[in-house]
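Listed here are the chains, written in short residue letters.
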Amino acid sequence: MPNTRIRVPKTAKAGDIIEIRAIIQHPMENGFRLNSQGTAIPVDIVTEFACTYDGQEIFRVQLEPGLSANPYFSFYLKATKTGPVDFWWQDQHGTVTEASETLEVT
Amino acid sequence: MNFVPAIALAVGLVAAIGLVDAAPHSEPRSGYSFLTPELQQLQDDDFANPGLLWVDQGATLWETAAGTSNRSCADCHGDASVSMRGVAPRYPAYSEELGRMVNIEGQINQCRSARQGAEPLPYESEDLLSLTAFVSNQSAGLPISLAVVGPAAESLERGRAFFYQRRGQLNLSCANCHEDNVGNHLRAEPISEGQTNGFPIYRNLWQTMGSTHRMFAWCNEAVRAEPYAAGSQDYIDLEVFERWRSNGLTIETPAVRR
């Protein structure tokens, strides 16, 4: 399973706009490159990324081969109640990678 | 009574100082200072710097048992933030066990085969890059302080010869770019001093992490010369020379480069 890094603040005040960041280690092969033997390296990309806050989807994106390696996303959410922030990536082979962090709203 | 050792020490010091005086750059400049502000920002970001993915992976490997001994790095060395702090600034160093100079990659593999009873990791493999990045990262912010005495001094001289040797179809030595043309441009790219204080680096061109030896090989190919094998003695010697040129620069691992 690919290595991931996520950053969610541990605590926030209700109504705060907080920054969420997520990065996944992935080569994002675009399928146009050749290896040292001159044969094409097949496409190998992460195709989807989504984030839910307390079960509700707040961010979803479809990824394409033009993206550089180790895709990194940064976005904002409005803190309303204490709950888990779940991250979900799926690559083209169907491999799912998940990460989660609990946001405590005071 | 301690007369003889004192003289020997004094001679050693003089030799070391004599060499330091001969450094080509009195104030070495990190490759960082040649980057665009955007890339500098990416390197400084303690979350988004992609090299940190490898550091994280290295931290996991540090705790993972391997080989017939079923021991991890942590079982012997304990907390890396204590035991590995200050290691990167003094490598490559002479290994008594191997009887030659080794870099951090070589030392990790030496530990694997001698202590853990595991297969050495292939050069440029994800695992070896991760462990090297993790170990080097523990010394982030410390100045490089390579001691050049005994076998290190011989290795340094061979590395120096390599650095000034013209090679390849373009008939260029390392020094032709990284000393004579520092700050000038190759196409759109400013030429750096070729310092090695940030290795292993995350290179945008490669879209992945790379070791010092991969960079040497890349440079050799760029002047249309046959690169040496990663981990070869020629590159270790060059690494010693490069590290010595970087003396005083702080460790930046994992650095981000173009």
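Because the structure is predicted, anything quoted here is derived from the model rather than measured. (Residues numbered from 1 in each chain as written. Chains lettered and ligands numbered in written order. Predicted model: local features only at pLDDT ≥ 70, side-chain atom pairs only at ≥ 80, totals over all residues. Heavy atoms only, no water.)

## Description of the pairing of strand 7 (residues 83-91) of chain A
Residues and elements named next belong to chain A. Pairing analysis gives seven bridges linking strand 4 (residues 46-53) to strand 7, with the strands arranged antiparallel. Looking across to strand 7, one finds that C51 is bridged to F87. Note: strand 7 against strand 8 (residues 96-105), eight bridges, orientation antiparallel. Opposite D86, over in strand 8, you have S100 as the bridge partner. (Pairing = 2+ DSSP bridges. Helix = DSSP H or I, 4+ residues; strand = E, 2+ residues; numbered from the N terminus.)

## Observations concerning the state of the cysteines
One way to say it: the disulfide is the covalent bond shared by the sulfur atoms of two cysteines. Residues and elements named next belong to chain B. Per the stated rule, a full pass over the model turns up zero disulfides over all chains. Unpaired in this structure, C177 has its nearest cysteine sulfur neighbour in C219, at a distance of 7.4 Å. Free cysteine C219: the closest other cysteine sulfur is in C174, separated by 7.0 Å. (Disulfide = S-S within 2.5 Å.)

## So, the sheet that holds strand 7 of chain A
Read across the open sheet, the five strands follow the order 2-8-7-4-5 (chain A); overall the sheet is mixed. What marks the edges here is a single partner per strand, and that holds for strand 2 (11-12) and strand 5 (56-62) of chain A.

## Observations concerning the UniProt feature "domain: Cytochrome c" (unreviewed entry) in chain B
Summarizing the sequence annotation, UniProt attributes the feature "domain: Cytochrome c" (unreviewed entry) to residues 53-139 of chain B in the numbering used throughout. With 51% helix and 7% strand, residues 53-139 of chain B has end C-alpha atoms that lie 17 Å from one another. (UniProt positions renumbered as here; feature names shortened; annotations may be inferred.)

## Quick notes on the side chain of N103 of chain B
Residue and element names in this part refer to chain B. As for its placement among the helices and strands, N103 is situated in the loop between strand 2 (100-102) and helix 6 (104-116). Owing to a relative accessible area of 2%, N103 belongs among the buried residues under this scheme. A polar contact of 2.9 Å, which involves the side chain of N103, links it to the backbone nitrogen of G106. When residues no more than four places from it in sequence are discounted, the contact partners of N103 are Y91, P92, Y123, H213, I236 and E239. (Buried < 20%, exposed > 50% of the residue type's maximum accessible area, 1.4 Å probe, protein only. Polar contact = N/O pair within 3.5 Å; in protein donor to acceptor, adjacent residues only side chain to side chain. Contact = heavy atoms within 4.5 Å.)

## Regarding the packing of aromatic side chains
Applying the stated criterion to the full structure yields 19 aromatic pairs over all chains. Linked through ring pairs, F49, F59, F73, F75, F87 and W89 of chain A together constitute an aromatic cluster. The ring centre of W206 of chain B lies 4.9 Å from the NZ or CZ of R203 of chain B, which sits over that ring. Between the NZ or CZ atom of R203 of chain B and the centre of the ring of W218 of chain B, over which it lies, the distance is 4.2 Å. (Phe/Tyr/Trp six-rings, centres within 6.5 Å; stacked < 30°, edge-to-face > 60°. Lys NZ or Arg CZ within 6 Å of the ring centre and 35° of its normal.)

## So, the packing of helix 6 of chain B against helix 7 (residues 126-137) of chain B
Residues and elements named next belong to chain B. At a closest axis distance of 10 Å, the pairing of helix 6 and helix 7 adopts a crossing angle of 110°. When the axis of helix 6 is compared with that of helix 7, the two are roughly perpendicular. For the pair helix 6 and helix 7, the crossing hand works out as right-handed. For the pair formed by helix 6 and helix 7, the contact residues are I104, E105, I108 and N109 on the first element and L128, L131, T132, V135 and S136 on the second. Residue classes in the contact of helix 6 with helix 7 are distributed as five nonpolar, three polar and one charged. (Axes fitted to C-alpha atoms, helices over the stretch in contact; angles between N-to-C directions. Parallel < 35°, antiparallel > 145°, perpendicular 65-115°, else oblique. Left-handed = near helix turned anticlockwise from the far one by under 90°. Nonpolar A, V, L, I, M, F, W, Y, C, P; charged D, E, K, R; others polar.)

## Description of the UniProt feature "domain: Sulphur oxidation protein SoxZ" (unreviewed entry) in chain A
Feature annotation in UniProt places "domain: Sulphur oxidation protein SoxZ" (unreviewed entry) on residues 6-100 of chain A, given in this structure's numbering. Overall, residues 6-100 of chain A shows 0% helix and 51% strand. The separation of its end C-alpha atoms is 8 Å.

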